Amino acid sequence: MKFIHVADVHLFATPDAEYEWGAGRTKEIEETFERIIDDCNSKDIDLLLIAGNLFDRSPSVEDLIFVDSKLERLEKTRTVYLTGSDDYIPAESESASYKFKSRTVLLTPGKTTNAYLRGINTCVTGFGYAQPEYEDRILEEIDPGREDAINILIGHGGDKKHMPFRKEKLAQKGFDYVAMGYIRRPVHILKNRMAYAGSPEPLGPKETGRHGYVLGEINDEGTTINWCPIAQRNYLDISITMNPDLSPEEISKTLEEKLLKLGNENIYSIMLRGFSKDNTGFDMTRIKSRYNIYEVLNMTISDDDEKMLRTENETNIMGSFIREVTGNYTLSESVRSKALRYGMEALIMAGEER
């Protein structure tokens with residue numbers, strides 16, 4: 001049985017709405033979900049598992065109709081959808097009784113239920129969200145739903161307010177696979193047995209790295225999973241080390257070469273670090289016009305900054321460090337200068353200057 005495990009799609013989310021590229025992000029999230037459906041068809045997938053937060057909000061009936069029409073494109077793939085902390089469906093709401101036209105099972109929110117899919121002899125068991133939070137260890141109380149079948153646990157959460165669990169407890173239950181959602185980065189919790197899929201598209205600058213879904217297969221030999229990247233964009237952190245000997249043009253060239261290699265579709269947070277004669281004179285206007293720059297953090301130390309730091313930190317850790325380095329005449333003047341500046345920078349970045 002071949003499956004795709006996704007989570008935290010967040011349809012209708014509006015990340016980076018205040019930025020130029022943000023206007024298209026909602027559509028890109030939708031397009032990436034459609035590409036996952038395409039992959040289900042092209043890879044002959046039997047089961048699509050959606051482990052919570054398919055939507056960025058508690059879905060209305062109209063929202064379910066919207067996604068149902070997309071899932072109708074699946075040629076042979078069955079879908080099991082578990083609601084999560086953001087797309088929870090109150091148990092008595094109209095959405096909870098929605099009947100999918102596609103071959104989709106919505107696990108009943110607010111209680112443990114399972115779906116047995118006869119054609120692939122697979123039982124998927126989970127507890128869907130009917131409210132935003134559950135603090136009990138609900139997942140640890142769920143057992144496989146059917147003997148002589150493939151058993152999958154689908155869950156959402158992992159912190160103290162969202163179904164906390166211990167991986168050792170879930171591993172002892174005997175499920176062939178545990179498909180988790182809630183954490184927006186991929187995490188392989190237990191080799192080939194338990195994983196967070198992460199979000200197919202990143203939704204904020206802290207969600208760096210690649211994003212995609214889990215592709216798995218369960219047969220007589222056991223379970224194997226692989227992670228497949230699919231995101232149209234990724235958030236990346238870039239660090240540029242300034243140097244008083246380099247001109248602004250040289251630094252700009254170095255930065256642009258990095259960005260060009262990484263791709264102009266990605267979204268960047270740039271940190272300027274090191275030392276400059278004047279840390280207010282570096283112009284990012286041209287680079288911002290060519291690339292998606294989320295933020296620029298200027299952590300450089302200018303000549304004036306260095307003098308001030310020497311004066312203000314005579315009686316603390318940084319002051320001790322400065323005296324130790326400047327008094328070490330076994331080092332050449334150029335080496336002492338570099339060691340002093342790099343050490344000062346490290347203390348500032350670590351918050352240990354005082």
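Look above for the structure.
The notes below deal with the structure included here. Keep in mind the model is a prediction, meaning the values are calculated, not measured.

### Description of the overall build of the protein chain
Within the protein chain, the regular secondary structure consists of 8 helices and 15 strands. Counting every position in the protein chain, which comprises 354 residues, the buried fraction comes to 49%. Long-range contacts, defined here as pairs at least 24 residues apart, represent 70% of the contacts in the protein chain between residues at least 6 apart. As displayed, the protein chain offers around 17500 Å² of accessible surface, 46% of which is attributable to carbon and sulfur atoms.

### Examining empty space enclosed by the protein
Scanning all chains against the criterion turns up 1 cavity of 30 Å³ or more. Lining the largest cavity are Val9, Ile29, Thr32, Phe33, Ile36, Pro200 and Glu201. Among the residues making up the lining of the largest cavity, the classes are represented as 5 nonpolar, 1 polar and 1 charged.

### Some words on the sheet that holds strand β6 (residues 122-127)
Spatial ordering of the open sheet is given by β5-β6-β7-β8-β10-β9, a layout of 6 strands whose pairing is mixed. Bordering the open sheet on either side are β5 (112-117) and β9 (187-190), each of which pairs with just one other strand. For this sheet, the mean angle separating the axes of adjacent strands, direction not counted, is 20°. Summarising the sheet, β6 and strand β7 (residues 150-156) pair through 5 bridges and their orientation is parallel.

### Some points on the environment of Phe33
Checked against the element boundaries, Phe33 lands in helix α1 (residues 25-42). Here the alpha-carbon distance between Phe33 and Leu54, two residues 21 residues apart in the chain, equals 9.4 Å. Here Phe33 is in contact with Val9, Leu11, Leu54, Val67, Lys70 and Leu71, once residues within four sequence places are set aside.

### As for the nonpolar core
Formed by 29 residues in total, the largest nonpolar core has its most connected members in Ile4, Val6, Leu11, Phe33, Leu48, Leu54 and Tyr81. Mapped onto this core, the elements with two or more residues apiece are β1 (2-6), α1, β2 (47-51) and α2 (61-71). Among the elements that line this core, the one with the most residues is α1, at 5 residues. Apart from residues no more than four positions distant in its own chain, Tyr81 is found in contact with Ile50, Leu54, Phe55, Pro59, Leu64, Asp87, Phe100, Thr104, Val105, Leu106 and Leu107. The next biggest cluster of nonpolar side chains, apart from the first, holds 22 residues, and it includes Leu49, Val80, Val124 and Ala195.

### Side note on helix α4 (residues 248-262)
Between its first and last C-alpha, α4 extends 21 Å over 15 residues, near the 21 Å set by a 1.5 Å rise per residue. Residues of α4 that are buried sit in contact with β13 (235-242), β14 (267-274), α5 (285-290) and β15 (292-298). Note on α4: the residue one or two positions beyond its end, Gly263, has a positive phi of about 110°.

Reading the values: the criteria
- Residues numbered from 1 in each chain as written.
- Predicted model: local features only at pLDDT ≥ 70, side-chain atom pairs only at ≥ 80, totals over all residues.
- Heavy atoms only, no water.
- Helix = DSSP H or I, 4+ residues; strand = E, 2+ residues; numbered from the N terminus.
- Buried < 20%, exposed > 50% of the residue type's maximum accessible area, 1.4 Å probe, protein only.
- Contact = heavy atoms within 4.5 Å.
- Areas by Shrake-Rupley, 256 points an atom, 1.4 Å probe, with all protein chains shown as cover.
- 1 Å grid on protein atoms, 1.4 Å probe; cavity = no way out; pocket = protein on both sides within 12 Å on 5 of 7 lines; lining within 4 Å.
- Points joined across faces, edges and corners; volume = space filled by probe spheres on them.
- Nonpolar A, V, L, I, M, F, W, Y, C, P; charged D, E, K, R; others polar.
- Pairing = 2+ DSSP bridges.
- Axes fitted to C-alpha atoms, helices over the stretch in contact; angles between N-to-C directions.
- Core = buried A, V, L, I, M, F, W, Y, C linked by side-chain atoms within 4.5 Å.
- Expected span 1.5 Å × (residues − 1).

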